[in-house]
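Next come the chains, spelled out residue by residue.
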Amino acid sequence: MKKFLLLTMMILAGALSSYAIFDKYTLNREDLPEAAREMLDTYFPKAKIGMIKVDKHLLKKTDYDVKLVNGTKIEFSNNGKWTSVDCGKKALPDNLLPKAIARHLASKYSGQKAVSIKKSITSYEVGLDDGVVLKFNALGQFKEVVTIGN
């Protein structure tokens, strides 16, 4: 029984470590889908790429993690649409936020900067520079405060 358990754990460890062989690290923008390159050109035209990680999954589609030299981290889906942008303590680029969310932030959080955004099919989560994270539905309507920072 112990041998069987040990063998099973070794096989599982080998299978999990094999995921790493599917990842590719590069600096070449051409490894990104066209939509991702366009997004970078539109919102980060002068930023230099520090690293691109091409995540190839066994059962899922490929996704892309981009880190810019200025510290900004951007995640893209397999078709090149951004799924999250984290600018650290710097403000997100103008026009990256949906208009409804930008209007809400301007009226309720005018003294703060939006520094991160994460989108899914059903919602957006926007991080402010003071650590507060706000949740919006897919139409940009405010739903709730998810995290209260400092």
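Peer 1: Which residues make up the overall build of the protein chain, and what values go with them?
Peer 2: Along the backbone of the protein chain there are three helices and nine strands. Written out in order from the N terminus, the α and β elements of the protein chain read α-β-α-β-β-β-β-α-β-β-β-β. Considering the protein chain as a whole, with its 150 residues, one finds that 32% of them fall into the buried category. Taking the contacts inside the protein chain whose residues are at least 6 apart along the sequence as the reference set, 34% of them involve residues at least 24 apart. Element-wise, carbon and sulfur atoms account for 57% of the exposed surface of the protein chain, whose accessible area totals about 9,900 Å².

Peer 1: Before we move on, can you summarise a nonpolar patch on the surface with the specific residues and values?
Peer 2: On the surface, Phe 142, Val 145 and Ile 148 cluster together into a nonpolar patch covering about 280 Å² of accessible area. Turning to its location among the elements, Phe 142 is positioned in strand β9 (residues 142-147). In this structure Phe 142 comes out as partly exposed when scored by relative accessible area, which is 33%.

Peer 1: Provide a residue-level description of the pairing of strand β2 (residues 49-55), including the pertinent values.
Peer 2: It is a general feature of regular strands that their side chains alternate between the two faces of the sheet. For β2, a buried count of five out of seven residues is recorded, marking the element as mostly surrounded by other parts of the structure. Both strand β1 (residues 24-26) and β2 contribute to a ladder of three bridges, which runs antiparallel. Its bridge partner lying in β2, Thr 26 is registered against Ile 52. Direction of pairing for β2 relative to strand β3 (residues 63-68): antiparallel, over a ladder of six bridges. Pairing of Lys 53 across the sheet is with Asp 65, part of β3.

Peer 1: How would you explain the side chain of Lys 53 if you had to name every residue and give the values?
Peer 2: You can see Lys 53 is positioned in strand β2. When its relative accessible area of 19% is taken as the criterion, Lys 53 is described as buried. Dropping the residues within four chain positions of it, Lys 53 is found in contact with Asp 23, Lys 24, Tyr 25, Asp 63, Tyr 64 and Asp 65.

Peer 1: Explain the pattern of salt bridges residue by residue, including any values.
Peer 2: Tallying each qualifying case throughout the model produces four salt bridges. A salt bridge links Arg 37 to Glu 34, with the shortest nitrogen-to-oxygen separation between them at 2.4 Å. Of this pair, Arg 37 and Glu 34 are both found in helix α2 (residues 34-43), three residues apart, which corresponds to roughly one turn of the helix. Between Lys 53 and Asp 55 there is a salt bridge whose closest N-O contact spans 3.6 Å. For the pair Lys 53 and Asp 55, a shared accessibility class is recorded, and that class is buried.

Peer 1: Before we move on, could you go through the nonpolar core and cite the residues and values that matter?
Peer 2: Grouped together as the largest cluster of nonpolar side chains are 30 residues, with contacts concentrated most on Ile 74, Phe 76, Trp 82, Val 85, Leu 105, Ile 117 and Val 126. Residues contacting Ile 117, with those up to four places away along its chain left out, are Trp 82, Thr 83, Ser 84, Val 85, Leu 92, Leu 96, Leu 97, Pro 98, Tyr 124, Glu 125 and Val 126.

Peer 1: Give me the lowdown on the packing of aromatic side chains, citing residues and values where you can.
Peer 2: Applying the stated criterion to the full structure yields one aromatic pair. Of note, Lys 119 hangs over the ring of Trp 82, and the distance from its end group to the ring centre comes to 4.2 Å.

Reading the values: rules and limits
Residues numbered from 1 in each chain as written. Predicted model: local features only at pLDDT ≥ 70, side-chain atom pairs only at ≥ 80, totals over all residues. Heavy atoms only, no water. Helix = DSSP H or I, 4+ residues; strand = E, 2+ residues; numbered from the N terminus. Buried < 20%, exposed > 50% of the residue type's maximum accessible area, 1.4 Å probe, protein only. Contact = heavy atoms within 4.5 Å. Areas by Shrake-Rupley, 256 points an atom, 1.4 Å probe, with all protein chains shown as cover. Patch = residues over 30% accessible without salt bridge, like charges linked within 9 Å, V, L, I, M, F, W, Y side chains within 5 Å. Salt bridge = Lys/Arg side-chain N within 4 Å of Asp/Glu carboxyl O. Pairing = 2+ DSSP bridges. Core = buried A, V, L, I, M, F, W, Y, C linked by side-chain atoms within 4.5 Å. Phe/Tyr/Trp six-rings, centres within 6.5 Å; stacked < 30°, edge-to-face > 60°. Lys NZ or Arg CZ within 6 Å of the ring centre and 35° of its normal.

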